[in-house]
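Single-letter residue listing:
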Amino acid sequence: MKDWLPMAGVVLDELLRRDGRGDYRNFERCLSCGDRDTARPATIRCTTCDAGPLECEECVRERHQRHACHRLQRWNGRFFEVTSLKDVGLVVQLGHADGSSCSNPVRAPADFCVIDINGHHSLALNYCGCDKAGDAGTHYEQLLRRDYFPSTLTDPHTVYTTRLLEHYHIQSLQGKVSMYDYYASLERLTDNTGTKKLQDRYKSFMRVVAQWRFLKRLKRAGRAHDPTGIPGTQAGELAVECPACPHPDINLPPNWEDVSDDLQYLYVMCVAIDACFRLKRRQVSSEEKDPILGSGWGYFVEDTGYQTVLKGYGEQDEVSTCTGFAAMTQANMKYSKGYAASGVGAVICARHKFFLANGVGDTQVGEKWINMDYIFVCAMLRHLRVRKLVSYDIACQWSKGLLERVSKFPSHLRIPLPTGSLKYVIPKLHWGAHERKNHSQYSLNYVPGSARNDGEGIERRWWWVQPVANSTKTMGPGRRQGCLEDQWGYANWRKIVDFAEFMRRRYMIARQEAASQKKEFEAFTQSFKTENIVKWEKDVKEWEGDMTKPDPYHVASTGLSVATLVLDDIAREEQEKAALPGHVAVHKISALGFVTMGLDLEESQAKLQEEVAKNEESKPVQTLEQRTAFRLRLQNFRAVQAVYTPQVVVLLAQHPAARLDVLQVENVHLGLPSQISTRHRATACPPDILAIETRLRDAQCRDALHELRTQLHIQDRLYKLKKLHIRNQGPNTRMQTEIKGQDSRVRRAAAKYRRARQAKLALMGPGPWELEFQLLTDNDIRGVQDDDPDALAARQRGRKKPGPSEGHRQVSWIWKSADSQAAGYTDSVRVEWVTFRARVQRWVEEERLLPEEMRRVLAWLIYEENRWLSRIGQRDDVDAALQEGLTAYALKQSNIRRNMRGTCRQIWYKLMKESGLEMGEEWAEVAGYVPRKVRRRINNMIIEEEQDEGNVVVEGEDDPLLDGLESEDMDKYRRLVELDQAGLQET
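Being a predicted model, the structure only gives us computed values, none of them experimental. Throughout, residues of each chain are indexed from 1 in the direction in which the sequence is written. Only residues with pLDDT of 70 or above have their local features reported here, since the model is predicted, and side-chain atom pairs are shown and tallied only from 80 upward, although totals for entire chains, interfaces and linings are computed over all residues. Side-chain numbers come from the whole structure's heavy atoms, not from hydrogens or water.

## Section: the nonpolar core
Right, on to step 1. Counting 115 residues, the largest nonpolar core has L279, V347, F376, W398, W462, W488 and W908 as the members making the most contacts within it.
Right, on to step 2. If you tally residues by element for this core, the top one is helix 28 (residues 824–870), at 14 residues.
Right, on to step 3. Throughout, a residue-residue contact means that at least one pair of heavy atoms, one from each residue, lies within 4.5 Å. Excluding its chain neighbours within four sequence positions, the residues that come into contact with W398 are I273, W369, M372, D373, F376, V390, Y392, R405 and Y424.
Right, on to step 4. Side-chain atoms within 4.5 Å are what join buried Ala, Val, Leu, Ile, Met, Phe, Trp, Tyr and Cys residues into a set we call a nonpolar core. Exposure categories follow from relative accessible area, calculated using a 1.4 Å probe and restricted to protein chains: below 20% of the type maximum is buried, above 50% is exposed, and the middle band is partly exposed. If you look at the next biggest cluster of nonpolar residues, it comprises 22 residues, including A571, V668, L670 and I689. By definition, any uninterrupted DSSP run of H or I lasting at least four residues is a helix, any uninterrupted run of E lasting at least two residues is a strand, and each is numbered from the N terminus.

Have a look at this one:
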């Protein structure tokens, strides 16, 4: 830009020169006329053609017989005015391919308009009505053969060029450009001054675009080649399938069902289920006004049958016993009024993120079982023979009773789901939000055969499609479904196009990480006793064979968590008391609810204090809202407090720090029983309230210590990740931000423990319990592998040099008390070993699975290539011109698949050859394929792959470790992999 800036004035002058006649100002007569002596005045310029001399009206009209949508300007002696081909006398004659005149032309309406990518055009047009009209076709067909798409079937006044429809189509798919904005831009191109009134053609544009989307999907699915035509389209036939997923009889070996148990994961289909509540549709239009084109032929389920099944079900009464996910709480949400669809539920291929045929359906009132069951069954109808790994963020709940619910579906949907054919898992990011007990069986980190699948691909698909949500929200049912079907078809196709480089990158990372992880795991294993390793491996293998056995990845807690205390023990005791004769309820909130209300308020107060300290000056509005919300909660607590501990309220009224009419409400004294002085507590607080808080504080201490250990574990992984893998300023900055956030989480967990311990000490006084819940100092807050900072500093001063001292290393007491006084630390180490083992296995599985997926892609492309060739000549009811078009399109599509296969083989062949794996007939050379040049940038060097085997030619230093890992995209993908290894997930 610095080099260009001095030239800006020159460029500006040249642009203004174009507003005059420029270099052609001396040519007053038309240079295109045959005779210079009789040449007519040159006054017309075409701004769509390349720059050239002005011409006369007759020459312009003659030269633009096949360019009716060009823009003209007329020189009036002083400046150029806008004119049109219609104004200079151009009349477009249809039905005469040889350019001959028609003896009986039929005029189109006077206001006939053609809309092209450069705007609106008034056009004089004649249909053929002479004796050639039989060959020319109907008026509708004559327009289509001129590449004009009519807006109506009879007597159209508006047509759209196929060039425009193709242009908008790709703009809407890649750029997510709305129809309104695109059409408005066409009007601005036609007239951006407001001095010319254009007839509004927006409604017809919306209708034509919907028809165009549908026709393109039919064309690409080969429906025009099928003798049964469009009515013969089968369910899901218009969807673009995933070539890397297992498809029996297409891309699987003949013996795939007979492989040994340890290799069965190679032929498992991984699917992910989720709902997106951004893709709503308002209660506008209807199917009568806006019918669905090809319902059930693509990604959406067939609508009529779907709605019939839904009508037979009422409100969902399932209650989650595991997690507070929004999917469950929204199942009967009340804010769906005014929406015909509250969102969509979908099933996708989890490893490659392809939307599945008949794998999408509207949700009406949240994410109900019936919706998700129906969508899942419809999607699986095409994949009944293969085993499935099903990922769903509430799989632990959804899987319960699934077979029973499916058995109540209509007969054609009662798909066989034999025991062992389905394995349910929870996406990695969501898994951490579930309770830990009995949930290792749902973890993609631990389930054998999961490879490096994180299950979060469907979330990335929602992110990709969400820019169209505002547009589709106000569409009718037909246009909305057509638009979303088109978006998902494009997304699937782009995945196929990008497979070559995408799978190459994944395989290179998997190969590198598998070797690295195995080496580290072997060194880690050598640090333990052999008998421990044998026992641990035996236990984890037994669990992998039968996941009802004790969970080796979980350290059983000896103490009750707060949630368990509330739900199981204290709640039952309170109910028993309430059932005794003479019991009178004093408030709608129980004594247990009062205490837990106070503990929650205490936690919120600590968070508010932290937020205010950080944001009071920079975000005053946010601080005001937070303080107001907390003040309201505190007032409600005071009201309940006056019922259960009225004397405490009297004491607080005399305490200045307990006043509510203060600005800094986050510092108000709450008045919990543990916060009342010893001399007043016995008289001011009932014994049952004191007992409840004592037990809750005990559980709170255990929960806080567990949270502290977890956060320290994550912190240690982040530091290791930064040291071993993170390079360059950008990644380092992001990692520093994450580490800083993790430090805050560690501090919050420590503060929670200290508050709970202080309250327990106030309630119980000193005692044996302090052996388990010791005083937490800053030096105690360290990882299991870290030494005591003071002891380490003293040894370093004595030796005059830094360095670890394993023989003298002191483990913090927080790890010695991990979950159980006697065996907690040993169990933590065991969990670390089995987790490391699982990590290695997942990488090894990924390294072995990716070559199989590559082979499947090649086999699928061979199948598709032959499938298109087989479509040639299937129809015998067409004329020669249409037959030629059908044949040409089939050959083109077959050639596309052959070239894609050649590209994939070129990029993958070298890697497969190095792997030593057996390569079958799919890897044979592709006849007629010319190897393309593959350019990649590595460390600011350009490399080129030219040979079929993928040999690399590069000038400068070669970095084999980073070969082919494109900087920005690869950094993002590698970052996902490394954060996943560190125990964190990103979507």
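The rest of the description comes next.
## Quick notes on the sheet that holds strand 3 (residues 80–83)
Right, on to step 1. Spatially, 1-2-3 is the arrangement adopted by the three strands of the open sheet, whose pairing is antiparallel. Every other strand in the sheet has two partners, leaving strand 1 (44–46) and strand 3 as the edge strands with one partner each. This sheet shows a mean twist of 35° between the axes of neighbouring strands, independent of strand direction. Strand pairing is assigned whenever DSSP identifies at least 2 bridges connecting the two strands. Fitted lines through C-alpha atoms serve as axes, helices being fitted only where they are in contact, and the angles separating the N-to-C directions of these axes extend from 0 to 180 degrees.

## Quick look at the pattern of salt bridges
Right, on to step 1. In the sections that follow, a salt bridge refers to a side-chain nitrogen of Lys or Arg positioned within 4 Å of a carboxyl oxygen of Asp or Glu. Applying the stated criterion to the full structure yields 48 salt bridges.
Right, on to step 2. Measuring nitrogen to oxygen at the nearest pair gives 2.6 Å for the salt bridge that ties R351 to E853. Of this pair, R351 sits in the loop between strand 14 (343–349) and strand 15 (355–363) while E853 sits in helix 28, and the two are 502 residues apart along the sequence. Neither R351 nor E853 differs from the other in exposure class; each is buried.
Right, on to step 3. Where K760 meets D698, a salt bridge forms, and the shortest distance between an N and an O atom there is 3.2 Å.

## Observations concerning the sheet that holds strand 8 (residues 124–127)
Right, on to step 1. Pairing is mixed in the open sheet, where three strands are placed in the order 4-8-5. Unpaired on one side and paired on the other, strand 4 (91–93) and strand 5 (106–107) mark the two borders of the sheet.
Right, on to step 2. With three bridges joining them, strand 4 and strand 8 adopt parallel strand pairing. In the strand pairing of strand 8, V92 is matched with L125.

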